[in-house]
Amino acid sequence: MINRRQWLYGVGLMAGAASRARPGFALDAGEPEEAGHHPLDLSEFVPTSMLQVNESRVERARFPLIDFHTHITASAKSEKGVPLASERRFLAAPDELLGVMDRKNIRAMVNLTGGYEKGLDQAISRYDRAFPGRFYTFTEPCYEHWKEPNYPQLQAQAIEQAHRQGARGLKILKTLGLFLRESTTSGELVKIDDPRFDPMWDTCGQLNMPVAIHVSDPLAFFTPTDRFNERYEELNNHPDWSFYGRDFPNNAELLASRNRVFAKHPKTQFVVLHVGNFAENLANVAENLDRFPNMSVDIAARIGELGRQPRTARKFFDKYQDRILFGTDATPHGDQTPQQVFNDQLYEIYYRFLETEDEYFDYAPAKIPPQGRWRIYGINLPETVLRKVYFENAARQLSIAA
Ligand SMILES: [Zn+2]
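Given the structure is predicted, the values throughout are model-derived calculations rather than measurements.

Before we move on, can you summarise the overall build of the protein chain with the specific residues and values?
Per the secondary structure count, the protein chain includes 14 helices and 12 strands. Here the protein chain has a C-alpha radius of gyration of 22 Å; the compact-globule value for 402 residues is 21 Å, and the two agree. The principal-axis extents of the C-alpha atoms in the protein chain amount to approximately 70 × 50 × 40 Å. Each of the 402 residues in the protein chain was classed as buried or not, and the buried ones make up 56%. Considering only residue pairs separated by 6 or more positions, the protein chain has 71% of its internal contacts joining residues 24 or more positions apart. Surface accessibility of the protein chain: about 17,900 Å² in total, with carbon and sulfur atoms responsible for 51%.

Below you can see the structure in the form of structure tokens.
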């Protein structure tokens, strides 16, 4: 049996030689520290790897790509996780974006959080229309009208309206399933397969608008934020990301509810973001891809997961090469979440993961790995697969000619 001191050493909470650790609970209050042994706060532990292996720098993607998952604009107003305004916040001017895009070989960015009505118009005219072929904007459900009895029809019409305005798809945030409630921000949680959304899903199918859908979150967000949680630091930094307890459904319930939507709307294309929101279990994602021909996935903000299982990931890419889209979740000035901050370094990490065989490198431009303390391994995709993942699969969803 290991004692607490040895356990702390094992997870890097303490410095010093394990052999000198003695049984007991030296960290307990009142007990003097043994000379040479110093407790170390986890946040201060920044080990330098002594491993000497090849380090590639991939400054540009090998082929021009579409980043299918970015956030250039965001809702100006949200309450308890529910966006409630057409008005947009603009996170970056087009020039700032185009500089990075040109350096990194990014042909186009898909701005998923374009909102609706007037805000959507502003987003489309500022980016999509001003720089044709470089930006594509998606619309979002208008939850401001949620409580109105004819919401199903209103929302279907809102999709038609957004389509006329130039929106290329529909984005569903994890709001659905985890935040939206019967009285918008209070009452019972609304289920993902609530039939009031059926006309919305169908309209997207009729108009050939893909649905980029985020459902659930990493498995660790549904377990207690304690010393056993592999994302402890991340949840400590973002306590509102924890869906443990209260009235939240678990991950399996959320995915099952989502799957019922895919089954009920076979003519609608769903791009399930963040590797189908279950990158920890690629066998499960594969099973669902096999079950639902109308399902694809993106890899945004999940190379940390894919890259720590490089052999399984590589097989997954080989098998589902026509249904995996490149995406990053890039958010300009998103410094709070280094795994998705829009900058040159972020893209170089993605390219290194996809294009090289490098070993044991950081999955995010950050001193401490933000989504869990591990590193990743490149999967060195063949060129035919790379072309599909970088461009062709997204182009097909967006009806863009190559
Ligand atoms: Zn996102």
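After that view, the rundown keeps rolling.
Explain the packing of helix α2 (residues 94–104) against helix α13 (residues 344–355) to me, using residue names and the numbers behind them.
The contact between α2 and α13 brings their axes to 10 Å, and the two run at 30 degrees. Taken together, the axes of α2 and α13 are roughly parallel relative to one another. Regarding α2 and α13, the two cross each other, and that crossing is right-handed. Residue-level inspection shows Val-100, Arg-103 and Lys-104 of α2 in contact with α13, the latter providing Asp-344, Tyr-347, Glu-348 and Tyr-351. In terms of residue class, the contact of α2 with α13 is built from 3 nonpolar, no polar and 4 charged.

Tell me about the sheet that holds strand β6 (residues 106–111), residues and numbers included.
The strand order β1-β6-β7 describes an open sheet built from 3 strands, whose pairing is parallel. Where the open sheet ends on each side, the last strands, each with one partner, are β1 (65–70) and β7 (135–137). Neighbour-to-neighbour, the strand axes of this sheet turn through a mean angle of 20 degrees, independent of strand direction. As judged from the 4 bridges shared by β1 and β6, these two strands associate in the parallel manner. Across the sheet, the residue bridging to Leu-65 is Ile-106, located in β6. Those strands touched by α2 are β6 and β7, and its axis lies near 135 degrees from that of β6.

Pulling in residues and values, what's your account of the pairing of strand β11 (residues 295–298)?
Along β11, one buried face is formed by Met-295 and Val-297 and the opposite face, lined by Ser-296 and Asp-298, is buried too. Sheet topology note: the strand β10 (residues 270–272)/β11 ladder contains 3 bridges and is parallel. Bridging from a neighbouring strand, Val-271 pairs with Ser-296 of β11. The sheet contact formed by β11 and strand β12 (residues 324–325) spans 2 bridges and is parallel. Counted as the bridge partner of Asp-298 is Leu-325 from β12.

Hey, could you go over the packing of aromatic side chains for me, with residue numbers and the actual values?
Across all of its chains, the model carries 25 aromatic pairs by this definition. For the ring pair Phe-326 and Tyr-350, a centre distance of 5.6 Å and an interplane angle of 70 degrees mean the geometry is edge-to-face. Placement of the pair is Phe-326 in the loop between β12 and α13 and Tyr-350 in helix α13, with a sequence separation of 24 residues. In this structure Tyr-350 comes out as buried when scored by relative accessible area, which is 1%. Taken together through their ring pairs, the aromatic side chains of Trp-146, Tyr-151, Phe-197, Trp-201, Phe-262, Phe-270 and Phe-292 make up a single cluster. Its end group placed over the ring of Trp-374, Arg-308 keeps NZ or CZ at 3.7 Å from the ring centre.

Talk me through the coordination of the zinc ion; I want residue IDs and the actual numbers.
Note on the zinc ion: its protein donors are His-69 (NE2), His-71 (NE2) and Asp-329 (OD). The metal-donor distances range over 2.1 to 2.2 Å. Positions of the donor residues of the zinc ion, expressed as sequence spacing, correspond to H-x1-H-x257-D. You can see His-69 sitting in strand β1 and its partner Asp-329 sitting in the loop between β12 and α13, a full 260 residues away along the chain.

Give a description of helix α8 (residues 251–264) that names residues and reports values.
One full turn of an α-helix is made of 3.6 residues, so residues set three or four places apart face in the same direction. Given a rise of 1.5 Å per residue, 14 residues ought to cover 20 Å, and the 20 Å separating the end C-alpha atoms of α8 matches this to within 8%. Measuring from the backbone nitrogen of Ala-252 back to the side-chain oxygen at the start of α8 gives 3.1 Å, which picks out Asn-250 as the cap.

Conventions and cut-offs
Residues numbered from 1 in each chain as written. Predicted model: local features only at pLDDT ≥ 70, side-chain atom pairs only at ≥ 80, totals over all residues. Heavy atoms only, no water. Helix = DSSP H or I, 4+ residues; strand = E, 2+ residues; numbered from the N terminus. Rg over C-alpha atoms; globule rule 2.2 N^0.38 Å. Buried < 20%, exposed > 50% of the residue type's maximum accessible area, 1.4 Å probe, protein only. Contact = heavy atoms within 4.5 Å. Areas by Shrake-Rupley, 256 points an atom, 1.4 Å probe, with all protein chains shown as cover. Axes fitted to C-alpha atoms, helices over the stretch in contact; angles between N-to-C directions. Parallel < 35°, antiparallel > 145°, perpendicular 65-115°, else oblique. Left-handed = near helix turned anticlockwise from the far one by under 90°. Nonpolar A, V, L, I, M, F, W, Y, C, P; charged D, E, K, R; others polar. Pairing = 2+ DSSP bridges. Phe/Tyr/Trp six-rings, centres within 6.5 Å; stacked < 30°, edge-to-face > 60°. Lys NZ or Arg CZ within 6 Å of the ring centre and 35° of its normal. Donors = N, O, S within 2.8 Å, 3.2 Å for Na, K, Ca; no water. Expected span 1.5 Å × (residues − 1). Polar contact = N/O pair within 3.5 Å; in protein donor to acceptor, adjacent residues only side chain to side chain.

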